[in-house]
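Chain by chain, the residues:
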Amino acid sequence: MALQPQSQPFEIERDEADELTEESQRQRRGHFARAFSRLIRKKIAVVAMALIAVVWLAGIFAAPLSTFVTGYEYTAQDYTAFREPPSLEHWAGTDRAGRDVFTRLLWGIQNTVILTFVGMFSGGLVIGISLGLVSGYFGGKVDEFIMRVGEIFASFPGILLVIIIAATLRPRILESVRWIEDNTFLDGLVRSGVVDYVVISVALVSFGWIGMARLVRGQILYLKETQYVESARAIGVSTPRILFQHLLPNAISPIVVSVSMGMGSMVGTEIVLSWLGLGIQPPRPSLGVMLLEGGSISVLRVMPWLLLAPGVIAWSMVLSWNLLGDALNDVLNPRTR
């Protein structure tokens, strides 16, 4: 009787080869690809990202949504629907002037999205990362000067510094914009709200770079002593290439976590500025102004929906960014993998 060939060793070798192939593919995947695959396994992170995407898209497309969905402009008044509760016609109700709250909410979200993005991109990323790279890499007097300037800014409470900057800059910027309108063909700049955008952006940028610069400096102080950076210097690699191709990519993980958490604080700061009357000015809607108008006890007793809609959106954005930051910290931190 002929013996049957045994295929078990071949199957074992095939399984081992498959495992080696999967392992090599896993190693070829980039750091952020692996981090993203771990991130999407966290349900809280997925929910936070989905909520941020929905809110931001609603703010970005506020104009078409208010035109084709609600059918109202943010200044339009419905004289037959003063102080109306939420209904099919007015999804979030109307305010004391008969304006659609949902439409004004969309435009308020757009203002928050624009200002926080500009503040974080220009202050936290461009200025903060650049100063952190220069300070950590060159050290010496350059490092001392940048850090002492940062300590001067950090000695003031953040929100107080923002309020001072916003209050002192507004009259001067408003005067400059009016001069431009009077002496050029440009008209309607003040009415468009550009003064408010400039004032709040400068205020947010002024203190938004300090924490990022300190974080990047700390990472660079460690990374510049590693062997691959010393090798790059030895073969004559230029300083900009060392900074942006060798050091910055290896410090990107804590930067991503800091940006995600910083977005939540910037959203809150923009809302507080508008709430104090230093942010977006009427008639352009703002989440801070809407919270101020609906936050009194007399209004809450009669029209609670005026506070409910902007309050839920503001709370959701701040919470979502913080939850996403915590999830990114778990994913990108090698000690918690």
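Residues numbered from 1 in each chain as written. Predicted model: local features only at pLDDT ≥ 70, side-chain atom pairs only at ≥ 80, totals over all residues. Heavy atoms only, no water.

Participant: Where do I start with the overall build of the protein chain in this structure?
Facilitator: Across its full length, the protein chain holds 15 helices and zero strands. Expressed as a percentage of its 337 residues, the buried residues of the protein chain come to 41%. Residue pairs at least 24 apart in sequence account for 69% of intrachain contacts in the protein chain once pairs closer than 6 positions are excluded. Here the protein chain has roughly 18900 Å² of accessible surface; of this, 64% comes from carbon and sulfur atoms. (Helix = DSSP H or I, 4+ residues; strand = E, 2+ residues; numbered from the N terminus. Buried < 20%, exposed > 50% of the residue type's maximum accessible area, 1.4 Å probe, protein only. Contact = heavy atoms within 4.5 Å. Areas by Shrake-Rupley, 256 points an atom, 1.4 Å probe, with all protein chains shown as cover.)

Participant: Please explain the pattern of salt bridges as it appears in this structure.
Facilitator: Pairing between side chains becomes possible if they bear opposite charge and their charged atoms approach one another. Per the stated rule, a full pass over the model turns up three salt bridges. In this structure, Arg99 engages Asp95 in a salt bridge whose closest nitrogen and oxygen atoms are separated by 2.9 Å. Among the residues examined, Asp95 registers a relative accessible area of 5% and is labelled buried. Residue Glu151 pairs with Arg148 through a salt bridge whose shortest N-O separation is 2.9 Å. Here Glu151 and its partner Arg148 are both found in helix H6 (residues 140-154), three residues apart, which amounts to about one turn of the helix. Overall, Glu151 belongs to the partly exposed group, its relative accessible area being 37%. (Salt bridge = Lys/Arg side-chain N within 4 Å of Asp/Glu carboxyl O.)

Participant: Teacher, can you tell me more about the environment of Val272 here?
Facilitator: Relative to the elements of secondary structure, Val272 occurs in helix H12 (residues 252-275). The partly exposed category is assigned to Val272, whose relative accessible area is 33%.

Participant: Where do I start with unusual backbone geometry in this structure?
Facilitator: With glycine set apart, most residues show a phi of negative sign, and most peptide bonds adopt trans. In this structure, Arg83 takes a positive phi of about 55° despite not being glycine. Along the chain, Arg83 turns up in the loop between helix H4 (62-70) and helix H5 (101-138). Owing to a relative accessible area of 46%, Arg83 belongs among the partly exposed residues under this scheme.

Participant: Where do I start with helix H13 (residues 287-294) in this structure?
Facilitator: Each α-helix winds once per 3.6 residues, and so residues spaced three or four apart point in a common direction. The buried count for H13 comes to six of eight residues, which makes it a mostly enclosed element. Inspection of H13 places Leu287, Gly288, Val289, Met290, Leu291 and Gly294 among the buried residues, and these make up the whole buried set. Where the residues of H13 are buried, they touch H5, H12, helix H14 (297-302) and helix H15 (305-332).

This is a description of form; function is not addressed.
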